[in-house]
Amino acid sequence: MTDTTIDESRIGRTPLVELDVDVPATVCAKVEWFNLYTADHGGGSIKSRIAREMLDGAEESGELTPDRTVIEPTSGNTGSEIARLATARGYDVEIVMPDNASGGKIEAVRDAGAEIHFVDADKGYDAVIERCEELVASDPEGYYRPNQYENPDNPGAHERTTAPEIWEQTDGDVTHFVAGAGTGGTVTGTGRGLHARGDVTVVGFEPANPLHAIDGLKYLRTGEHYHPETYDESVLDEKLYIDTGDAYDRARALRERYLDENPEVVDTGQYDRETVAEHLRVEDQFVVGTSSGAGVRAAERLHETVGLAADDVVVIVLCDRGDKYADIPLWEGYLGDDGET
């Protein structure tokens, strides 16, 4: 059934929390599941921002009209957010995704009323993109593809929203911004916006190995892998490479650290403290996604490689909440497997 309850005003102005990370600097995190935080299967994600802005841009330009079907390739989060927003706006939606995507992400797409085209994950993520291109080529007038990998509204969304939020929530004290690269939109757009505001070191990270399990990130280090146009590496001041095992370890370390308390809330964003406290946890646990654990490890690696000072303020991104991953090794056995909030 099409979801008609999406409140797009609940995208952006997400909370900022301080995390206990073993570095001298203060480490803060944007809690991005507060985008559409009441949605089932873990709330929204960092991709809620780009889904809204890509759809807005397409409607304003006239590229997206009511008779066209929205289609997008995705590892999960962009697909669920496009499905939620586009179906709520009245469009038919088709999502192309690997068949090993987490159950929470698959169910979020299904619940929105979108059709899913699965691609054998063993063929690699580039095969997901290729399948989407085949479908669009079969009916170019019938489909509209937002194309998160080339659409300037992807990094533009972060330059216009994420960057100014971080600057304001840290009172301009942010010294380092750290984010992973899937489409590269988050680190590119936020990095541009922060560079324009002050002396901020922008740090991107990618998976260390081609066969990785850090959801949402792409291995781009070697080989002939598709390089998104939305990933402008000239914005980066530093680049790091993170192992899957380290990403999982750091995500689980956050759960252990905050077993009995929540992280300190630096700024509640558009919410009150009671709402933030209620939705930071799931099944009374502080659980985050795989890329969030990678972000913590990247902050540690940054200190190991270039050094961080006590007065530095590092901001990372908690892209999504852990109940999207109840059925994969990260949180299998820690959470129920139905993906519900």
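See the structure shown above.
Described below are features of the structure shown in this document. The model shown is predicted, which means the values in this text are computed figures rather than measured ones.

1. Focus on the overall build of the chain
Across its full length, the chain carries nine helices and eleven strands. A globule of 341 residues ought to have a C-alpha radius of gyration of about 20 Å, and the chain, at 18 Å, matches this closely. Its C-alpha atoms put the chain at 55 × 40 × 40 Å along the principal axes. By residue count, 60% of the 341 residues in the chain fall in the buried class. By sequence separation, contacts in the chain at least 24 residues apart represent 74% of the contacts at least 6 residues apart. Accessible surface computed for the chain: about 13,300 Å², of which carbon and sulfur atoms make up 41%. Measuring between centres, the 30 positive side-chain charges of the chain sit 1 Å from its 70 negative side-chain charges.

2. With respect to the pattern of salt bridges
Within this structure, the stated rule accounts for 27 salt bridges. In this structure, Glu81 and Arg84 form a salt bridge, with 2.8 Å as the shortest nitrogen-oxygen distance. Here Glu81 pairs with Arg84, and both are found in helix H2 (residues 77-88), just three residues apart, close to one helical turn. As far as the burial class goes, Glu81 and Arg84 line up, both buried. The closest approach of N and O atoms between Arg131 and Glu134, which form a salt bridge, is 3.2 Å. Within this pair, Arg131 and its partner Glu134 are both found in helix H4 (residues 125-138), separated by three residues, close to a single helical turn. Each of the salt bridges in this network shares a partner with another, and the network as a whole consists of Asp246, Arg250, Arg297, Glu300, Arg301 and Glu304.

3. Comments concerning the environment of Glu59
By the element assignment, Glu59 lies in helix H1 (residues 47-61). Considered as a pair, Glu59 and Met97 are 38 residues apart in the sequence and their alpha carbons are 24 Å apart. For Glu59, the contacting residues outside a window of four places in its chain are Leu64, Arg89 and Tyr91.

4. Things to note about the sheet that holds strand E3 (residues 69-73)
The parallel open sheet is built from four strands, whose spatial order is E5-E4-E3-E6. Bordering the open sheet on either side are strand E5 (115-119) and strand E6 (143-144), each of which pairs with just one other strand. With four bridges connecting them, E3 and strand E4 (residues 93-98) associate as parallel partners. Its bridge partner being in E4, Pro73 is matched across the sheet by Val96.

5. Some words on the nonpolar core
Judged by nonpolar contacts, the single largest core of 46 residues is most densely connected at Leu19, Leu280, Phe286, Ile316 and Leu318. For this core, the secondary-structure elements that each account for two or more residues are strand E1 (16-19), strand E2 (26-31), strand E8 (201-207), strand E9 (238-242), helix H7 (244-257), helix H9 (290-305) and strand E11 (313-318). Counting residues per element, this core draws most heavily on H9, which supplies five residues. Not counting residues within four places of it along the chain, the set of residues in contact with Leu318 comprises Leu19, Ala29, Lys30, Val31, Glu32, Trp33, Phe286, Val288 and Ser292. Counting 27 residues, the second-largest nonpolar core is a separate cluster that includes Ile11, Leu55, Leu64 and Ile116.

6. Looking at H1
In this model H1 runs 21 Å from its N-terminal to its C-terminal C-alpha over 15 residues, within 8% of the 21 Å that 1.5 Å per residue would give. Buried residues of H1: Lys47, Ser48, Arg49, Ile50, Ala51, Arg52, Glu53, Met54, Leu55, Gly57 and Ala58, and no others. Those residues of H1 hidden inside the fold are in contact with E2, H2, E6 and helix H5 (153-169). Trailing H1 by a residue or two, Gly62 shows a phi angle of about 90°, which is positive.

7. Side note on the layout of surface pockets
One number sums up the size of the largest pocket: a volume of about 1,100 Å³. Lining the largest pocket are 49 residues; nearest its centre among them are Ser75, His212, Ile214, Gly216 and Leu217. For the lining of the largest pocket, the secondary structure elements donating two or more residues are H2, H4, strand E7 (176-180), helix H6 (185-195) and H9. With three residues, the top contributor of residues to the lining of the largest pocket is E7. Residues of the lining of the largest pocket, tallied by class, amount to 22 nonpolar, 19 polar and eight charged.

8. Some remarks on the sheet that holds strand E10 (residues 264-267)
Within the open sheet, the seven strands sit side by side as E9-E8-E7-E11-E2-E1-E10. Their pairing is mixed. Of all strands in the sheet, those with a lone pairing partner are E9 and E10, marking the two edges. Across the sheet, the axes of successive neighbouring strands diverge by a mean angle of 30°, strand direction being ignored. Both E2 and E11 contribute to a ladder of six bridges, which runs parallel. Along E11, the bridge assignment pairs Val27 with Val314. In the packing of H5 onto the sheet, contacts are made with E1, E2, E7, E10 and E11, and the angle to E2 comes to roughly 135°.

9. Comments concerning the packing of H2 against helix H3 (residues 103-112)
At a minimum axis distance of 8 Å, the contact between H2 and H3 shows a crossing angle of 15°. One finds that H2 runs roughly parallel with respect to H3. In the crossing of H2 with H3, the sense of the turn from one axis to the other is left-handed. Residues Asn77, Gly79, Ser80, Ala83, Arg84 and Thr87 of H2 pack against Lys105, Ala108, Val109 and Ala112 of H3.

About the criteria used
- Residues numbered from 1 in each chain as written.
- Predicted model: local features only at pLDDT ≥ 70, side-chain atom pairs only at ≥ 80, totals over all residues.
- Heavy atoms only, no water.
- Helix = DSSP H or I, 4+ residues; strand = E, 2+ residues; numbered from the N terminus.
- Rg over C-alpha atoms; globule rule 2.2 N^0.38 Å.
- Buried < 20%, exposed > 50% of the residue type's maximum accessible area, 1.4 Å probe, protein only.
- Contact = heavy atoms within 4.5 Å.
- Areas by Shrake-Rupley, 256 points an atom, 1.4 Å probe, with all protein chains shown as cover.
- Lys, Arg positive; Asp, Glu negative; His and termini not counted.
- Charge placed at Lys NZ, Arg CZ, Asp CG, Glu CD.
- Salt bridge = Lys/Arg side-chain N within 4 Å of Asp/Glu carboxyl O.
- Pairing = 2+ DSSP bridges.
- Core = buried A, V, L, I, M, F, W, Y, C linked by side-chain atoms within 4.5 Å.
- Expected span 1.5 Å × (residues − 1).
- 1 Å grid on protein atoms, 1.4 Å probe; cavity = no way out; pocket = protein on both sides within 12 Å on 5 of 7 lines; lining within 4 Å.
- Points joined across faces, edges and corners; volume = space filled by probe spheres on them.
- Nonpolar A, V, L, I, M, F, W, Y, C, P; charged D, E, K, R; others polar.
- Axes fitted to C-alpha atoms, helices over the stretch in contact; angles between N-to-C directions.
- Parallel < 35°, antiparallel > 145°, perpendicular 65-115°, else oblique.
- Left-handed = near helix turned anticlockwise from the far one by under 90°.

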